[in-house]
Amino acid sequence: MPSTEEPTKTPIPSTAPLTAQEKLRTLMDAVMEVGADLNIEQVIKRMVRSASQLASAHDGVIFLATEDHRITNFVRFSRHIREAGVHAWQAPEMLRDLTPSTQPVSIHPGTHPAARLFSVRVGSVLEVEIPLRDDPHGRLYLARSEGAAEFTGNDVETVRALATAAGVAIENARLFARERRRHQWLEATAEMIRLLLGEVDSDHALHLITRRLREVSGADYSGIVLLDQADPSMAVLKASQGFGPHQDDTRTPTQGLAAQVVTTGRGIVSRDLAHEPGYNPPASWRNALSELGLGMLMPLNVPEGSLGVLFAGWRRGSPDEPFAAAEAPLVEMFASHAALALQQVQAQEDRSRLLVLEDRDRIARDLHDVVIHRLFTIGTTLQSAVGLSTRPEVRRRVSQAIEDLDATSRDVRSAIFELGEPPNEPASIRAQLLKDVDLARETIGFTPRLVVGGAFDRGLPSHIRGELGRAVREALAHAASHAPPSQVEVVLRVNDGTLVLLVTDDGAAAGDDAMGREGTGNEATVGEAQAGEAQAGEAQAGEAQAGEAEAGDDDDHLRGLAYLQARAKHLGGSCTTRPSETGGMILEWRVPLVQTT
């Protein structure tokens, strides 16, 4: 609401009655002054000041309101004090129970309810209607102090003539404001079209949309609820403005009125959105919207469906609220162009991401087919050459070269897996497996070989992801508990909806004592398996969520083969061991990808 204080000019004009000639000249000057401005606020300020001077009034109040009594403009002018001391938020309270006269012009005694609008003891009140064609209507109240002469018929005619001129000026100012806003909407829409033709990232496009929406419409709040295309029941808050810091990228259920807009493809406009059935804003927006009045939710529709919802809201009593309510079709048009612009931006990013992935795939393929193969061949050749030399220095240097090749292979393998990761996404379970395999070097003495069968981690259920890292670590610990092996191989693959983990070593079992906690045969002892299952069942929820980082760090949990068998059984699978052809052991851990009850 614009400010309603009108400082009195210095020196303060006299309230002495004007002669007929002075009044006519003042009236002509006032009509010219009132009609010279295209700003509504300035028009009504000049109107109340000129009317007070023409009618020799001490105080004046003017307001414009809608048919439902919403105050759009309110100005108070006083000729005998320098500050009127009335603010816009006080206007509804001051005008409460004040019923405007049905007559265009009325003179009331000092006991009339309008007397409380003024700062002086009122003797008489002159009420004049400001004739307007459109929905908003206006009233002018002038007051003379107690003891002063009452308003005369000449005062009435003079002020009424000025009110007519002010009505025309207000209509012109309102028309100018409406056309200016329409022009701003067209410029904002054109900016969305320019997004279709240019190259810009999605975050910039989203913030541009909400920023331009607030600038043009005067909205206090704006934001975008962007659907998660992989899971339309969830959405992400983007480019939130007016809600406070740190609102972006917050995930929220697609619910309430936003879900209704997405489903129907039609916008919702309400002067009191907070009391609409189904109103249920995102939790992070709820406190900021406590003062919400007018609200709009417009669908971001594209030919393939809906991208989400564009939201705009105004505080109760906002001066832009009456204009914005009539501009809902323009907001809807803006949302339509914004949706097309977002779709174009997303398509550009998809194409760029595809090019990057193609380059990464080519580089990873070359590294795997050429570099890794050559390194493996060189390492095998050097391994054979160690036994051909009897000189310790030669054997030491060749062994060091083999270790360097081993480290290089790990680095290349890590690079290959990282190249396989989509950009801007967290590392997959492959990266964690590489880390686990490399860490096994500390206990085994060398880095086990890791063989991954295709894109086994694509679509791997979350409850399996949380188990796999711990299973690999426990299986490697089981291999390290044998007589020192010279080779350990970890194989991961998916067969017919079942994840299979094979860990093969060539170390001879060191007897029951060495096997200790892992068990001594193809299965764990009954006591260990039962205890492991019970312990693992208690830890299921935490490990399924915390994943590999948490699993294996707590020494109080069961370890080794007993744990592996208990977890496999709980997941509907199995864990067995059998002798390998090289005299070592093969551990096989199998679990279905679909969780069983």
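What you are looking at is a predicted structure, and each value in this text was computed from that prediction instead of being measured.

Basis of the calculations
Residues numbered from 1 in each chain as written. Predicted model: local features only at pLDDT ≥ 70, side-chain atom pairs only at ≥ 80, totals over all residues. Heavy atoms only, no water. Buried < 20%, exposed > 50% of the residue type's maximum accessible area, 1.4 Å probe, protein only. Helix = DSSP H or I, 4+ residues; strand = E, 2+ residues; numbered from the N terminus. Contact = heavy atoms within 4.5 Å. Polar contact = N/O pair within 3.5 Å; in protein donor to acceptor, adjacent residues only side chain to side chain. Core = buried A, V, L, I, M, F, W, Y, C linked by side-chain atoms within 4.5 Å. Pairing = 2+ DSSP bridges. Axes fitted to C-alpha atoms, helices over the stretch in contact; angles between N-to-C directions. Phe/Tyr/Trp six-rings, centres within 6.5 Å; stacked < 30°, edge-to-face > 60°. Lys NZ or Arg CZ within 6 Å of the ring centre and 35° of its normal.

Caption draft 1: Representation of helix α6 (residues 256-264) within the structure. Of the residues making up α6, those classed as buried are Leu 257, Ala 258, Ala 259 and Val 261. Packed against the buried residues of α6 are β10 (268-270), β11 (292-302) and β12 (305-315). Phi turns positive one or two residues past the end of α6, at Gly 265, with a value near 75°.

Caption draft 2: Inspection of the side chain of Glu 127 at higher detail. Relative to the helices and strands, Glu 127 resides in strand β5 (residues 122-130). For Glu 127, a relative accessible area of 1% gives the class buried. A polar side-chain atom of Glu 127 sits 3.0 Å from a polar atom in the side chain of Arg 139. Once you skip the residues sitting within four places of it in the chain, Glu 127 turns out to touch Pro 100, Ser 101, Pro 104, Val 105, Ser 106, His 108, Arg 139, Leu 140 and Tyr 141.

Caption draft 3: A look at the nonpolar core. With 35 residues, the main nonpolar core has Ile 209, Leu 300, Leu 310 and Phe 334 as its most contacted residues. Within the residue set of this core, elements represented by two or more residues are α4 (153-197), α5 (202-217), β7 (221-227), β11, β12 and α9 (328-386). For this core, the element with the highest residue contribution is α9, accounting for 10 residues. Here Leu 310 is in contact with Ile 209, Thr 210, Leu 213, Gly 223, Ile 224, Met 296, Leu 297, Met 298, Leu 300, Phe 334 and Ala 335, once residues within four sequence places are set aside. By size, the runner-up hydrophobic cluster in this structure holds 32 residues, among which are Val 43, Val 156, Val 159 and Ala 166.

Caption draft 4: Just the pairing of β11, in detail. When you tally the buried positions in β11, you get 10 out of 11 residues, the bulk of the element. Across 3 bridges, β10 lies against β11 in antiparallel orientation. Opposite Ile 268, over in β11, you have Leu 297 as the bridge partner. Relative to β12, β11 runs antiparallel, the two being bridged by 8 bridges. Within β12, the position partnered with Met 298 by the bridge is Leu 310. Between β11 and β12, which follow one another and run antiparallel, lie 2 residues.

Caption draft 5: Local environment of unusual backbone geometry. Positioned with a positive phi, Ser 56 is a non-glycine residue whose angle comes to about 55°. Within the fold, Ser 56 resides in the loop between α2 (40-54) and β2 (59-65). Looking at Ser 56, the relative accessible area reads 7%, which means it is buried. Positive phi, close to 50°, is recorded for Ala 239, a residue that is not glycine.

Caption draft 6: Structural view of the sheet that holds strand β15 (residues 498-505). Taken together, 5 strands build an open sheet; the order of strands is β13-β14-β15-β17-β16 and the sheet is mixed. Because the sheet does not close on itself, it has two edges, and the strands there are β13 (449-452) and β16 (574-579). Shown here is a sheet whose adjacent strand axes are inclined to one another by a mean of 15°, direction ignored.

Caption draft 7: Molecular detail of the pairing of β2. Summarising burial for β2: 7 of the 7 residues are buried, a large majority. Side chains Asp 59, Val 61, Phe 63 and Ala 65 of β2 all project onto a buried face; the interleaved residues Gly 60, Ile 62 and Leu 64 project onto the opposite face, where all are buried too. Sheet analysis places β2 next to strand β3 (residues 71-78), joined by 7 bridges and oriented antiparallel. Bridged to Ile 62 within β3 is Val 75. The pairing of β2 with strand β6 (residues 137-145) spans 7 bridges and is antiparallel. By the bridge assignment for β6, Val 61 is matched with Tyr 141.

Caption draft 8: Quick peek at the packing of aromatic side chains. This model, assessed by the stated rule, comprises 6 aromatic pairs. With 6.3 Å between their ring centres and 15° between their planes, Phe 63 and Tyr 141 make a pair best called stacked. Note that Phe 63 is positioned in strand β2 and Tyr 141 in strand β6, a separation of 78 residues in sequence. In this pair, the class of Phe 63 matches that of Tyr 141, namely buried. For the ring pair Trp 285 and Phe 311, a centre distance of 5.7 Å and an interplane angle of 35° mean the geometry is tilted. Of this pair, Trp 285 sits in helix α7 (residues 283-286) while Phe 311 is found in strand β12, placing the two residues 26 residues apart along the sequence. You'll find Trp 285 and Phe 311 in the same group, each marked buried. Ring-pair connections join several aromatic residues into one group, and the members of that group are Tyr 221, Phe 243, Trp 285 and Phe 311. Here Arg 449 stacks its cationic end above the ring of Phe 376, 5.9 Å away from the centre of that ring.

Don't take any of this as a statement about function, it's just geometry.
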